[in-house]
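# Summary of structural features
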Amino acid sequence: MRIDILTIFPEMFTGPFDHSIVKRAKSKGLAEIVIHNIRDYANNKHKNVDDYGFGGDAGMVMMIQPIADLIEKLQSERTYDEVIFMTPDGILFEQSIANQLSLKGNIILLCGHYKGIDERIREHLITMELSIGDYVLSGGELAAAVVSDALIRLIPGVLNDETSALSDSFQDKLLSAPVYTRPAEYKGWKVPDVLLSGNDKAIRQWQMDQAVDRTKKRRPGLLES
Ligand code: 6GU
């Protein structure tokens, strides 16, 4: 999978993709993330990427030309399955959407800023709009990093059996059961007996009960759907 991220703050992406599972996916050649600076495509003297909004509302709007030229250049080089705009008024990103998008070959993530981007970009160039939750971030960059991470760990071959995504919280609309490691007792804090019993069937049953119990208590809405 190739993810192209379009941003006016490319420096924000030095870090999030250089550790852990995403780093391994990149070094195995299973994921490629390419960061593009929208400002490099501005064809005006001052490399401006925004302008005053029509209609007199205070606030700057990201203008069409640099973004359109960048998207069109990328699309002339390869085919993209989705051109996604990261915005708080997009559809809510959740595990089922991550599962679907992880099967795609190439996607573009466009990060917005200021009051927004010229609506004509959304009308003519964007195929999907995603939000990561009902709160406002300063820009789409952190959201794009969240979405990229969630997709990349699902690419076949990225995770091994031990880290399998199948047991993730949300994969079966359940939160995960609690986990423990050695020591079996720490200053009187004990690991549940069943986990030390060696009874595999009883352990699986306990884990399922715990998952259902936690989901009922913490996220009852997940069980209704
Ligand atoms: Cl995708 N962008 C911004 N700016 N804020 C958000 C968001 C995205 N998702 C939730 N809040």
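Structure's up top.
Structural notes, computed from the coordinates.

Each value, and the rule that gives it
Residues numbered from 1 in each chain as written. Predicted model: local features only at pLDDT ≥ 70, side-chain atom pairs only at ≥ 80, totals over all residues. Heavy atoms only, no water. Helix = DSSP H or I, 4+ residues; strand = E, 2+ residues; numbered from the N terminus. Rg over C-alpha atoms; globule rule 2.2 N^0.38 Å. Buried < 20%, exposed > 50% of the residue type's maximum accessible area, 1.4 Å probe, protein only. Contact = heavy atoms within 4.5 Å. Lys, Arg positive; Asp, Glu negative; His and termini not counted. Salt bridge = Lys/Arg side-chain N within 4 Å of Asp/Glu carboxyl O. Near = heavy atom within 4 Å. Polar contact = N/O pair within 3.5 Å; in protein donor to acceptor, adjacent residues only side chain to side chain. Areas by Shrake-Rupley, 256 points an atom, 1.4 Å probe, with all protein chains shown as cover. Phe/Tyr/Trp six-rings, centres within 6.5 Å; stacked < 30°, edge-to-face > 60°. Pairing = 2+ DSSP bridges. Axes fitted to C-alpha atoms, helices over the stretch in contact; angles between N-to-C directions.

## Things to note about the overall build of the protein chain
- Secondary structure assignment for the protein chain yields eight helices and nine strands.
- What you see for the protein chain is a C-alpha radius of gyration of 22 Å, clearly larger than the 17 Å of a compact globule of 225 residues, by over 25%.
- Counting only C-alpha atoms and orienting by the principal axes, one finds that the protein chain spans roughly 70 × 40 × 35 Å.
- Across the 225 residues in the protein chain, those meeting the buried criterion constitute 41%.
- Within the protein chain, residue pairs in contact and separated by at least 24 positions form 73% of the contacts whose partners lie at least 6 positions apart.

## Focus on the side chain of Glu141
- As for its position among the elements, Glu141 is in helix H5 (residues 141-152).
- One buried charged side chain, Glu141, makes no salt bridge at all; its nearest oppositely charged neighbour is Arg39, positioned 9.6 Å away.

## Overview of the site of the ligand
- Neighbouring the ligand are Met86, Thr87, Pro88, Leu130, Ser131, Ile132, Gly133, Tyr135, Leu137, Gly139, Gly140 and Ala143.
- Here Ser131 contributes a side-chain N or O atom positioned 3.4 Å from a nitrogen atom of the ligand.
- In isolation the ligand exposes 290 Å². Once the protein is present, 96% of that is buried.
- Mapped onto the shell around the ligand, the elements with two or more residues apiece are strand S5 (82-92) and strand S7 (128-131).
- The element that contributes the greatest number of residues to the shell around the ligand is S5, accounting for three residues.

## A short note on unusual backbone geometry
- Here Arg182 and Pro183 are connected by a cis peptide whose omega angle stands at 5°.
- Within the fold, Pro183 resides in the loop between H5 and strand S8 (185-186).
- Phi is positive for Lys47, which is not a glycine, with a value near 55°.
- Its location among the elements puts Lys47 in the loop between strand S2 (32-37) and strand S3 (50-52).
- Classification of Lys47 as partly exposed rests on a relative accessible area of 37%.
- The phi angle at Lys173 is positive, at roughly 60°, despite the residue not being glycine.
- Structurally, the position occupied by Lys173 is in the loop between H5 and S8.

## Things to note about the pattern of salt bridges
- For the structure shown, the criterion picks out 12 salt bridges.
- For Asp18, the salt bridge identified is with Lys26, shortest N-O distance 3.2 Å.
- Taking the relative accessible area as the measure of exposure, Asp18 reaches 40% and is therefore partly exposed.
- Lys115 is paired through a salt bridge with Asp57; the nearest N and O atoms lie 3.8 Å apart. Separated by 58 residues along the polypeptide, Lys115 in the loop between strand S6 (106-111) and helix H4 (119-124) and Asp57 in the loop between S3 and strand S4 (60-62) bring together distant segments of the chain.
- When its relative accessible area of 55% is taken as the criterion, Lys115 is described as exposed.
- Look at Asp57 and you get exposed, because its relative accessible area is 53%.

## Digging into the packing of aromatic side chains
- Scanning the entire structure with this criterion turns up two aromatic pairs.
- Ring centres of Tyr186 and Trp189 lie 5.4 Å apart, and the angle between their planes is 55°; on these two criteria the pair is classed as tilted.

## Section: the sheet that holds strand S1 (residues 2-7)
- Ordered in space as S2-S1-S6-S5-S7, the five strands form an open sheet in which the pairing is parallel. At either margin of the open sheet sits one strand with a lone partner, and together these are S2 and S7. Averaged over all pairs of adjacent strands, the angle between their axes in this sheet comes to 30°, without regard to strand direction.
- Along the sheet face, H5 touches S1, S2, S5, S6 and S7 and points at about 160° away from the line of S6.

In short, geometric facts, not functional conclusions.
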